[in-house]
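Remarks on the overall topology
Spelled out from the first residue to the last, the chains are:
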Amino acid sequence: MAATLDGQTGEYREVVATGLWREMPVFRMLLGTCPTLAVTAAVKPALTMGLCVIFVLVCSNLMVSLMRKALRPHVRILLFTLTIATFVTIADLFLRAFQPRMSEVLGPYVPLIIVNCVIIWRAEARASNSGVLVSIVDGLAMGAGFTIALCILASIREILGTGHLFEIQVLPKAFPPWAAMGLPVGAFLTYGFVLGFINFLKRKRA
Amino acid sequence: MLDSLKHFGRESWLLISASLVCGLLLAVANAALGPRIELNKAAKLTNLAVGLLPDAKTFAPLDPVEIRALDGRTEPAAVFKAMTDNKVVGWVFKAVGAGFADKIELVVAVDASFQKIAGYDVLSSSETVNFGDQIKDAYYRAQFTGAPVGRLTLVSPGTAKPEDIDSSIVAISGATISSTAVVQAMNYYLPQFKEQLEKKGLIGNGSNP
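Our subject in this report is the structure included herewith. (Residues numbered from 1 in each chain as written. Chains lettered and ligands numbered in written order. Predicted model: local features only at pLDDT ≥ 70, side-chain atom pairs only at ≥ 80, totals over all residues. Heavy atoms only, no water.)

Structural notes on the overall build of chain A
Rules: In this text, helices come from DSSP runs of H or I with a minimum length of four residues, and strands from runs of E with a minimum of two, each type numbered from the N-terminal end. Any two residues having at least one pair of non-hydrogen atoms within 4.5 Å are treated as being in contact. Under the convention used here, a 1.4 Å probe and the Shrake-Rupley method define accessible areas, while residue burial counts only the protein chains that appear. Lys and Arg are tallied as positive, Asp and Glu as negative. Neither His nor the chain termini are counted. Lysine's charge is taken at NZ, arginine's at CZ, aspartate's at CG and glutamate's at CD.
Regarding its fold elements, chain A presents 8 helices and 2 strands. The order of helices and strands in chain A, counted from the N terminus, is α-α-α-α-α-α-α-β-β-α. In terms of overall dimensions, chain A has C-alpha extents of about 60 × 45 × 30 Å along its principal axes. Sequence separation of at least 24 residues holds for 76% of the intrachain contacts in chain A that already meet a minimum separation of 6. Summing over all exposed atoms, chain A offers an accessible surface of approximately 10,300 Å²; the carbon and sulfur share of this is 70%. Counting 18 positive and 10 negative side-chain charges, chain A places the averaged centre of each group 5 Å from the other.

Quick look at the overall build of chain B
We apply this condition: Only C-alpha atoms enter the radius of gyration; for comparison, a globular chain is expected to reach 2.2 Å times N to the power 0.38, where N is the number of residues.
Counting its secondary structure elements, chain B contains 3 helices and 9 strands. Helices and strands in chain B line up, N terminus first, as α-β-β-β-β-β-β-β-α-β-β-α. Relative to its length of 209 residues, chain B is extended, with a C-alpha radius of gyration of 22 Å against a globular reference of 17 Å. In terms of overall dimensions, chain B has C-alpha extents of about 75 × 45 × 30 Å along its principal axes.

Things to note about the pattern of salt bridges
Side-chain pairs of opposite charge can arise whenever the charged atoms involved come near each other. Put simply, the test is: What counts as a salt bridge is simple: a side-chain nitrogen of Lys or Arg found within 4 Å of a carboxyl oxygen of Asp or Glu.
In the structure shown here, the tally under the stated rule is 16 salt bridges over all chains. In this structure, E23(A) engages R122(A) in a salt bridge whose closest nitrogen and oxygen atoms are separated by 3.7 Å. Of this pair, E23(A) sits in the loop between α1 (2–22) and α2 (33–38) while R122(A) is found in helix α6 (residues 117–125), placing the two residues 99 residues apart along the sequence. Here D121(B) and R141(B) are joined by a salt bridge, their closest N and O atoms 3.6 Å apart. Placement of D121(B) in strand β7 (residues 117–124) and of R141(B) in helix α2 (residues 138–141) is noted, with a sequence separation of 20 residues between them. Shared partners join several salt bridges into a network, and the residues in it are E23(A), R122(A), R126(A) and D138(A).

Notes on the interface of chain B and chain A
Convention followed: Buried area counts how much accessible surface, traced with a 1.4 Å probe, disappears from two parts once they are put together, with both parts' losses summed. Pairs of N or O atoms are called polar contacts if they sit within 3.5 Å, as long as, within protein, a hydrogen donor faces a hydrogen acceptor (for residues adjacent in sequence, only side-chain-to-side-chain pairs). Any residue outside Ala, Val, Leu, Ile, Met, Phe, Trp, Tyr, Cys, Pro, Asp, Glu, Lys and Arg is labelled polar, Gly included; the first ten of those are nonpolar and the last four are charged.
The interface of chain B with chain A comprises 18 residues on the first partner and 22 residues on the second. In this assembly, chain B packs against chain A so that about 1,800 Å² is buried in total across both faces, 76% of it on carbon and sulfur atoms. For chain B, the biggest contributors to the area lost against chain A are E11(B), L14(B) and L15(B); these three give 28% of the whole. For the pair chain B and chain A, the number of links is 2 salt bridges. At the boundary of chain B with chain A, the tally comes to 6 residue pairs in polar contact (both at pLDDT 80 or more). The residue inventory of the side of chain B that touches chain A, partitioned by class, reads 11 nonpolar, 3 polar and 4 charged.

Quick word on the packing of helix α3 (residues 43–67) of chain A against helix α7 (residues 132–162) of chain A
When two helices pack together, their arrangement is given by the angle between the helix axes and the distance between those axes. All names here are of chain A. In plain terms, the rule: Here an axis means a line fitted to C-alpha atoms, over the contact stretch when the element is a helix, while the angle between two N-to-C directions is reported on a 0 to 180 degree scale. Angle categories: roughly parallel below 35 degrees, roughly antiparallel above 145, roughly perpendicular from 65 to 115, and oblique for all the rest. By convention the crossing between two helices is left-handed if the near helix lies anticlockwise of the far one by an angle smaller than a right angle, and right-handed if it lies clockwise.
Direction vectors running N to C along α3 and α7 enclose 165°, while the axes themselves pass 8 Å from each other. Comparing their axes, α7 and α3 come out roughly antiparallel. When the axes of α3 and α7 are compared, the crossing they make is right-handed. For the contact of α3 with α7, the residue count by class is 20 nonpolar, 8 polar and 2 charged.

Regarding the pairing of strand β4 (residues 79–84) of chain B
All names here are of chain B. The condition that has to hold: When a residue's accessible area, from a 1.4 Å probe over protein chains only, is under 20% of the maximum for its type it is buried; when over 50% it is exposed; and in between it is partly exposed. Pairing between strands is defined by DSSP: at least two bridges between the two strands are required.
Counting buried residues along β4, 6 of its 6 residues qualify, which places the element largely inside the surrounding structure. Along β4, one buried face is formed by V79, K81 and M83 and the opposite face, lined by F80, A82 and T84, is buried too. Pairing of strand β1 (residues 58–61) with β4, which is carried by 4 bridges, proceeds in the antiparallel orientation. Looking at the pairing, T58 lines up with M83 of β4. Taken together, the 6 bridges between β4 and strand β5 (residues 87–98) define a ladder with antiparallel strand orientation. Pairing of T84 across the sheet is with K87, part of β5. Here β4 folds back onto β5 in antiparallel fashion, the turn holding 2 residues, of which D85 has a positive phi close to 45°.

Here's the deal with a nonpolar patch on the surface
Residue and element names in this part refer to chain A. The criterion, for reference: Here a patch means residues that are over 30% exposed by relative accessible area and free of salt bridges, tied together within 9 Å if like-charged and within 5 Å if nonpolar (Val, Leu, Ile, Met, Phe, Trp, Tyr).
A surface patch of nonpolar side chains, amounting to about 440 Å² of accessible area, comprises V16, L20, W21, I148, I152 and I156. Position of V16 relative to the elements: it lies in helix α1. Since its relative accessible area comes to 31%, V16 is described here as partly exposed.

Topic: the state of the cysteines
Residue and element names in this part refer to chain A. What counts, and what does not: The criterion for a disulfide is a pair of cysteine sulfur atoms lying within 2.5 Å.
Per the stated rule, a full pass over the model turns up 0 disulfides over all chains. The structure places no disulfide on C34, whose sulfur is separated from the nearest cysteine sulfur, that of C117, by 9.7 Å. Assessed through its relative accessible area of 46%, C34 is described here as partly exposed. Of all cysteine sulfurs in the structure, the one in C59 sits closest to C52, which takes part in no disulfide; the separation is 11 Å.

All quantities given are derived from atomic positions and should not be read as evidence of function.
So this is what it looks like as structure tokens:
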């Protein structure tokens with residue numbers, strides 16, 4: 001019994017480590033790049049996008065996991081898309097109802113979560129062949145990894161682009177804001193530098 | 001025949017069941033959140049209207065009027081009477097245009113006699129950033145402020161001056177579809193609202209606002 005519990009804990013630990021580092025979508029697998037570049041001009045929209053992705057990942061993983069034994073190969077992708085689209089629409093409606101301002105800031109990027117490959121990847125790679133609990137933990141870990149990456153990029157861009165973080169002044173007023181950090185060029189540069197830094201750390205550890 | 005039906009059922013029961021469950025989830029979410037979303041939209045409409053008619057102190061909703069939408073269906077539409085100290089200073093309503101990515105919802109304000117456009121603002125749109133979404137910019141919107149209520153014409157950049165206030169609207173370079181959508185929405189909705197308010201005796205000769 002104790003061995004089984006240890007085994008289960010070990011499996012969950014493995015799933016969490018995979019989502020938060022080993023297969024972290026944005027920095028290790030380079031997946032979900034579109035929202036990564038588009039909504040990271042400030043931390044608030046990046047965090048909101050991350051929370052929406054966590055919700056969709058957990059719900060779609062749960063539903064796919066429940067259906068996994070009855071899944072047939074030719075309707076598999078169709079069912080994944082149906083499930084993901086449903087939860088993305090619910091997330092979008094929720095934002096429009098309770099965070100209308102943020103919904104406007106994020107614009108089409110919330111509905112575009114439907115085509116975020118991180119979600120269909122987890123449905124295919126984890127939820128379609130794992131139990132419900134493991135699939136939920138996987139959704140939480142992958143979503144958290146995605147959210148952390150978005151928040152790191154958004155923090156750098158918001159601080160350098162405006163001198164603020166969460167709309168609070170963090171750099172001296174003498175610092176001239178780098179307007180380019182709020183533009184697509186700032187997104188690409190920040191993403192590139194952070195990826196380079198992570199690769200540097202990886203090589204140093206190897 | 002029976003074998004075919006059995007085969008169809010075996011292969012597709014999960015897809016049909018999942019569709020029903022997802023449809024039910026969406027219906028519940030829409031029923032629960034829809035009214036709040038509409039309230040948010042109404043609040044935003046009023047906020048935008050304040051910017052278009054700064055003299056107005058209150059925006060009183062009238063009984064909805066019957067308006068033919070872009071798809072040809074007749075539907076009730078809200079009209080707000082902008083007032084300052086019991087004096088009508090304008091009218092506010094919603095107009096919809098067919099944009100590049102999706103429909104564009106506009107808040108349109110006209111003066112008290114429904115002769116001139118007081119301005120418009122964008123309630124919702126999914127137009128391309130830095131292209132179609134320039135319909136939100138003051139440069140384009142200013143061309144409508146003071147323009148006569150009547151047939152507006154979209155002209156190419158360079159053929160007219162944007163600062164001239166007349167029925168010619170200079171298109172946004174690189175965003176012709178979005179520019180056209182705004183002009184078409186004005187041309188489509190303004191005459192309808194004007195006719196409805198005249199019918200109610202709120203504007204025109206013998207009006208009693």
